[in-house]
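Analysis of the macromolecular model
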Amino acid sequence: MAEIKPGLVVASSNGRVGITDAVDVLRAGGSALEAVISGIKLVEANPNDHSVGFSGLPNLLGQVELDASVMVGEGLTAGAVGGLHDYQDAVELARMVMEELPHSLIVGDGAKRFASEMGKLPVELLTEDARQIWQARLERDQETGDASQRRFAQKIGALVRRVSQDPEKPAPPHGTVNFIARDREGRLAVGVSTSGWAWKYPGRLGDSPIIGAGNYADDRWGAAACTGRGEMAMRCCTAHSVVTFMRFGMPLSEALTTAMEDLRSLNDPYASEMNIVAVDRDGNHSGASTTAGKTYIFMDESMESYEEPTRMHVPLVDAPSLV
Ligand code: GLY
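Counting restarts for each chain: residues are numbered from 1 in the order of the written sequence. Note on the predicted model: pLDDT of at least 70 is required for a residue's local features to be given, and 80 or more for side-chain atom pairs to be given and counted; whole-chain, interface and lining totals, by contrast, use all residues. Computation of side-chain values: all heavy atoms of the structure, hydrogens and water removed.

Some remarks on unusual backbone geometry
Residues other than glycine seldom take positive phi values, yet L76 does so here, at roughly 55 degrees. For each residue, the accessible area found with a 1.4 Å probe, counting protein chains only, is set against the maximum for its type, and the residue is called buried under 20%, exposed over 50%, and partly exposed in between. L76 gets classed as partly exposed once you look at its relative accessible area, which sits at 35%. Despite not being glycine, D86 shows a phi value in the positive range, around 75 degrees. The residue D86 is located in the loop between β3 (77–84) and α3 (90–100) in this model. Labels follow the DSSP assignment, with helices taken as runs of H or I lasting at least four residues and strands as runs of E lasting at least two, numbered in each case from the N terminus.

Overview of the nonpolar core
In this structure, V9, V81, L84, L93, F179, V242 and I276 are the most contacted members of the largest nonpolar core, which totals 88 residues. Apart from residues no more than four positions distant in its own chain, V9 is found in contact with I19, A22, V23, L26, F179, I180, A181, I297, F298 and M299. Only buried residues count toward a nonpolar core, which is a set of Ala, Val, Leu, Ile, Met, Phe, Trp, Tyr and Cys residues joined through side-chain atoms within 4.5 Å. We call two residues contacting when some pair of their heavy atoms lies within 4.5 Å.

Comments concerning the confidence of the model for the protein
As a per-residue measure, pLDDT tells how confident the predictor is, with possible values from 0 to 100. With 87% of its residues at a pLDDT of 70 or more, the protein shows a mean pLDDT of 89. Low confidence marks residues 158–172, where pLDDT is under 50. Its contacts with residues over four positions away, or in another chain, come to 27 contacts.

What to know about the sheet that holds strand β5 (residues 177–182)
Pairing within the open sheet is mixed, and its 7 strands lie in the order β4-β3-β2-β6-β5-β1-β11. Each of the sheet's edge strands pairs with one partner strand only, and the pair in question is β4 (105–107) and β11 (296–300). Within this sheet the neighbouring strands show an average axis-to-axis angle of 10 degrees, counted without direction. Looking at chain direction, strand β2 (residues 66–72) and β3 are connected through 6 bridges and run antiparallel. Each bridged residue has a counterpart across the sheet, and for A68 the counterpart in β3 is V81. Note on pairing: DSSP must find at least two bridges between two strands before they are called paired. Only the contacting stretch of a helix is used when fitting its axis, a line to C-alpha atoms as for every element, and angles between N-to-C directions run 0 to 180 degrees.

Below, the structure is given as structure tokens:
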């Protein structure tokens, strides 16, 4: 008989504001899905996180567009919203798509319409702080960015007004939150939410709302979720790959490493960072990143606070040969 483990929540490190609430949901007998939603909603509401939900960094036109998805490992049920304007709780709407509609992904005007039908109230997602970061970075990219940044910014630069500069404020080009929960019965759920690649072309979807790219869960094998440049995870089906590699017998760390190494075959002039968190069917967890020193967080029902281990480092390029 399989060992009974306490309920577990694993998240990207920006999930710190939500992980205790997510574990409390499991402690109270809530489902893995409910735990994931409760953790992510707090990240979406966090005004200091410019990569997710309210206060997310906008697209080229200065509009915040949200993507989110959920997947439940029992029955492989999933829901997602993409390119959502004017509504905050993207991950809850993803759950509603899964539970209320015969569909898995609703985008753009349809997502907005659905949010309104579900009783959500519109919110101004763009904060003044995020607006200033958007303007300053766009300005800087056009003048001093590397070749790929310049190409991207110049291509659409005419669409934006150059109003102010604030080079002191660092701004990541992309960021996302991942939550994976496993309840005491071994049921898995995973959620992902993001405002996407800052300064993205309007309407661009990343990996976060794409089941199999940014998010996958199957109770028989495990669950995985991604942050980083979504176009890379979309082209390699990264989250699904991790779960599939476990299905075919790889231990968790090897499944993660192999999925990361797959990214090396991408021909992508914009290639940047990829990060994965994953949990296997027995509740073992790990993380991997193309950037050295990146962390993730985990907490189970027996712990008073989360721990933050370093992810395995799997660089995007092969280590140079020593011979
Ligand atoms: N991983 C988030 C995005 O690329 O939009």
